[in-house]
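Notes for the structure review
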Amino acid sequence: MTEQATLSVCSICGETALRTCRDAVPIEFREGTFLIEGFEHDHCSACGEDIIKSGQMDAMQHAAIVVARTQLGRLTSDDIHGLRHDLGLTQSELERQLGVGTGTVGRWERGTALQSHMADNFMRLLWAHPELCVESGLVARESRGPYRKRVSSQD
Ligand SMILES: [Zn+2]
(Lines give C-alpha, C1' and ligand atoms only; values in the text may rest on other atoms or scores of the structure.)
Protein backbone atom coordinates (compact mmCIF):
# COMPACT_ATOMS: atom_id res chain seq x y z
CA MET A 1 0.00 0.00 0.00
CA THR A 2 1.21 3.49 -0.77
CA GLU A 3 -0.75 5.33 1.89
CA GLN A 4 1.43 7.13 4.37
CA ALA A 5 1.09 5.20 7.56
CA THR A 6 1.65 6.96 10.83
CA LEU A 7 3.52 4.51 13.00
CA SER A 8 3.50 4.66 16.75
CA VAL A 9 5.25 2.71 19.49
CA CYS A 10 3.88 -0.73 20.29
CA SER A 11 3.21 -1.17 24.00
CA ILE A 12 3.82 -4.92 23.68
CA CYS A 13 7.22 -5.08 21.96
CA GLY A 14 8.39 -1.44 22.08
CA GLU A 15 9.00 -1.17 18.32
CA THR A 16 7.74 1.81 16.35
CA ALA A 17 5.63 -0.41 14.14
CA LEU A 18 2.06 0.18 15.25
CA ARG A 19 -0.43 1.46 12.70
CA THR A 20 -4.19 1.88 12.67
CA CYS A 21 -5.93 -0.38 10.18
CA ARG A 22 -9.11 -2.29 9.44
CA ASP A 23 -7.51 -5.62 8.63
CA ALA A 24 -9.17 -8.85 9.72
CA VAL A 25 -8.66 -9.63 13.41
CA PRO A 26 -8.62 -13.17 14.77
CA ILE A 27 -10.94 -13.68 17.77
CA GLU A 28 -10.46 -16.88 19.75
CA PHE A 29 -13.19 -19.01 21.21
CA ARG A 30 -12.91 -22.44 22.76
CA GLU A 31 -14.21 -23.80 19.45
CA GLY A 32 -11.66 -22.13 17.24
CA THR A 33 -10.35 -18.83 15.95
CA PHE A 34 -12.58 -16.68 13.76
CA LEU A 35 -11.59 -13.71 11.62
CA ILE A 36 -13.70 -10.60 11.77
CA GLU A 37 -13.36 -7.69 9.40
CA GLY A 38 -14.08 -3.99 9.26
CA PHE A 39 -13.07 -2.95 12.78
CA GLU A 40 -10.54 -0.18 13.23
CA HIS A 41 -7.71 -1.22 15.51
CA ASP A 42 -3.95 -0.95 15.85
CA HIS A 43 -1.72 -3.66 14.41
CA CYS A 44 1.97 -4.09 15.18
CA SER A 45 3.96 -5.32 12.19
CA ALA A 46 6.92 -6.16 14.45
CA CYS A 47 5.28 -8.53 16.95
CA GLY A 48 1.99 -9.15 15.14
CA GLU A 49 -0.16 -8.02 18.06
CA ASP A 50 -3.61 -6.55 17.41
CA ILE A 51 -4.45 -3.84 19.92
CA ILE A 52 -8.16 -3.28 20.23
CA LYS A 53 -9.71 -0.17 21.69
CA SER A 54 -11.67 -1.04 24.81
CA GLY A 55 -14.84 0.55 23.41
CA GLN A 56 -14.70 -1.80 20.42
CA MET A 57 -14.46 -5.07 22.32
CA ASP A 58 -18.19 -5.71 22.72
CA ALA A 59 -18.94 -5.01 19.07
CA MET A 60 -16.05 -7.20 17.95
CA GLN A 61 -17.08 -10.04 20.25
CA HIS A 62 -20.62 -9.77 18.89
CA ALA A 63 -19.37 -9.86 15.28
CA ALA A 64 -17.12 -12.83 16.06
CA ILE A 65 -20.06 -14.79 17.48
CA VAL A 66 -22.04 -14.16 14.28
CA VAL A 67 -19.09 -15.43 12.20
CA ALA A 68 -18.52 -18.42 14.49
CA ARG A 69 -22.19 -19.43 14.40
CA THR A 70 -22.21 -19.22 10.60
CA GLN A 71 -19.02 -21.24 10.19
CA LEU A 72 -19.98 -23.83 12.80
CA GLY A 73 -23.57 -24.11 11.55
CA ARG A 74 -25.03 -23.04 14.90
CA LEU A 75 -28.41 -21.48 15.59
CA THR A 76 -28.47 -17.67 15.35
CA SER A 77 -29.77 -15.32 18.07
CA ASP A 78 -33.03 -15.00 16.13
CA ASP A 79 -33.28 -18.80 15.82
CA ILE A 80 -32.89 -19.24 19.57
CA HIS A 81 -35.38 -16.48 20.37
CA GLY A 82 -37.82 -17.92 17.81
CA LEU A 83 -37.61 -21.53 18.96
CA ARG A 84 -38.00 -20.47 22.60
CA HIS A 85 -41.22 -18.68 21.68
CA ASP A 86 -42.39 -21.64 19.59
CA LEU A 87 -41.85 -23.83 22.64
CA GLY A 88 -43.66 -21.32 24.85
CA LEU A 89 -40.78 -21.11 27.32
CA THR A 90 -39.33 -18.17 29.23
CA GLN A 91 -35.57 -17.73 29.20
CA SER A 92 -35.24 -19.28 32.64
CA GLU A 93 -37.49 -22.20 31.67
CA LEU A 94 -35.29 -22.95 28.66
CA GLU A 95 -32.23 -22.67 30.93
CA ARG A 96 -33.75 -25.30 33.20
CA GLN A 97 -34.54 -27.58 30.25
CA LEU A 98 -30.94 -27.36 29.04
CA GLY A 99 -29.29 -27.34 32.46
CA VAL A 100 -27.38 -24.10 31.82
CA GLY A 101 -26.80 -21.21 34.22
CA THR A 102 -29.04 -18.24 34.88
CA GLY A 103 -28.75 -15.55 32.20
CA THR A 104 -27.19 -17.88 29.63
CA VAL A 105 -30.14 -17.93 27.23
CA GLY A 106 -30.33 -14.12 27.38
CA ARG A 107 -26.67 -13.89 26.40
CA TRP A 108 -27.25 -16.27 23.46
CA GLU A 109 -30.27 -14.26 22.32
CA ARG A 110 -28.36 -10.97 22.56
CA GLY A 111 -25.43 -12.58 20.75
CA THR A 112 -22.93 -11.91 23.52
CA ALA A 113 -22.11 -15.58 24.14
CA LEU A 114 -21.68 -18.58 21.86
CA GLN A 115 -23.77 -21.62 22.72
CA SER A 116 -21.91 -24.94 22.98
CA HIS A 117 -22.36 -27.63 20.36
CA MET A 118 -24.26 -29.74 22.89
CA ALA A 119 -26.65 -26.91 23.83
CA ASP A 120 -27.18 -26.19 20.14
CA ASN A 121 -28.05 -29.83 19.45
CA PHE A 122 -30.32 -29.99 22.49
CA MET A 123 -32.24 -26.88 21.42
CA ARG A 124 -32.75 -28.30 17.90
CA LEU A 125 -34.01 -31.52 19.45
CA LEU A 126 -36.50 -29.67 21.67
CA TRP A 127 -37.60 -27.56 18.72
CA ALA A 128 -38.25 -30.66 16.59
CA HIS A 129 -39.80 -32.61 19.49
CA PRO A 130 -41.51 -30.13 21.83
CA GLU A 131 -43.04 -33.04 23.77
CA LEU A 132 -39.55 -33.68 25.22
CA CYS A 133 -39.78 -30.34 27.05
CA VAL A 134 -42.81 -31.48 29.00
CA GLU A 135 -41.31 -34.86 29.80
CA SER A 136 -37.98 -33.58 31.05
CA GLY A 137 -39.81 -30.88 33.00
CA LEU A 138 -41.87 -33.53 34.75
CA VAL A 139 -38.84 -35.67 35.47
CA ALA A 140 -37.09 -32.68 36.97
CA ARG A 141 -40.03 -31.94 39.25
CA GLU A 142 -40.49 -35.54 40.38
CA SER A 143 -36.92 -36.45 41.17
CA ARG A 144 -35.79 -34.44 44.14
CA GLY A 145 -32.28 -35.32 45.15
CA PRO A 146 -29.83 -37.73 43.59
CA TYR A 147 -30.98 -40.84 45.47
CA ARG A 148 -34.63 -41.34 45.57
CA LYS A 149 -35.26 -44.93 46.40
CA ARG A 150 -37.74 -46.41 44.05
CA VAL A 151 -40.29 -48.45 45.93
CA SER A 152 -41.43 -51.30 43.78
CA SER A 153 -45.12 -51.08 43.26
CA GLN A 154 -47.83 -52.83 41.36
CA ASP A 155 -47.04 -51.23 38.00
ZN1 LIG B 1 4.66 -4.99 18.74
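I will try to describe carefully the structure that is included in this document. Just so it is clear, the model here is predicted, and its values are computed rather than measured. Residue indices begin from 1 for each chain and proceed along its sequence in written order. pLDDT decides what is reported in this predicted model: residues at 70 or higher carry local features, side-chain atom pairs at 80 or more are listed and counted, and totals for whole chains, interfaces and linings draw on all residues regardless.

Regarding helix H1 (residues 57-72)
An ideal rise of 1.5 Å per residue puts 22 Å on 16 residues; H1 measures up with 22 Å between its terminal C-alpha atoms. Among all positions of H1, only Ala-64, Ile-65 and Arg-69 are buried. On an axial view of H1, the arc spanned by its buried residues comes to 135 degrees, and they lie on one face. Exposed side of H1, more than 90 degrees from the buried face: Ala-59, Thr-70 and Gln-71 are the residues found there. Segments assigned H or I by DSSP are reported as helices when at least four residues long, segments assigned E as strands when at least two residues long, and all are numbered from the N terminus. To estimate the expected span of a helix, count its residues, drop one, and scale the result by 1.5 Å. The burial criterion counts other C-beta atoms lying within 10 Å of a residue's C-beta, which is placed from the backbone; the residue is buried at 20 or more, exposed at 12 or fewer, and partly exposed between these limits. By arc we mean the arc of the directions from the helix axis to the C-beta atoms, nothing more.

Remarks on the pairing of strand S3 (residues 25-29)
One bridge is not enough; two strands pair if DSSP finds at least two bridges between them. One ladder, built from five bridges, connects S3 with strand S4 (residues 32-36); its direction is antiparallel. Its bridge partner lying in S4, Ile-27 is registered against Phe-34. Hairpin remark: S3 followed by S4, antiparallel, with two residues in the connecting loop.

Quick notes on the sheet that holds strand S6 (residues 50-51)
Taking strand neighbours across the sheet as the criterion, the four strands line up as S1-S2-S5-S6 in an open arrangement whose pairing is antiparallel. The sheet is open, and its two borders are formed by strand S1 (8-9) and S6, each paired with just one other strand. Bridge analysis of strand S5 (residues 41-44) against S6 gives two bridges, and the strand direction is antiparallel. Looking at the pairing, Asp-42 lines up with Ile-51 of S6.

Looking at the pairing of strand S2 (residues 16-21)
Across two bridges, the pairing between S1 and S2 is antiparallel. Residue pairing in the sheet places Ser-8 in a bridge with Leu-18 of S2. The antiparallel hairpin formed by S1 and S2 contains six residues in its connecting segment, where Gly-14 sits at a positive phi of about 85 degrees. Taken together, the four bridges between S2 and S5 define a ladder with antiparallel strand orientation. Within S5, the position partnered with Arg-19 by the bridge is His-43.

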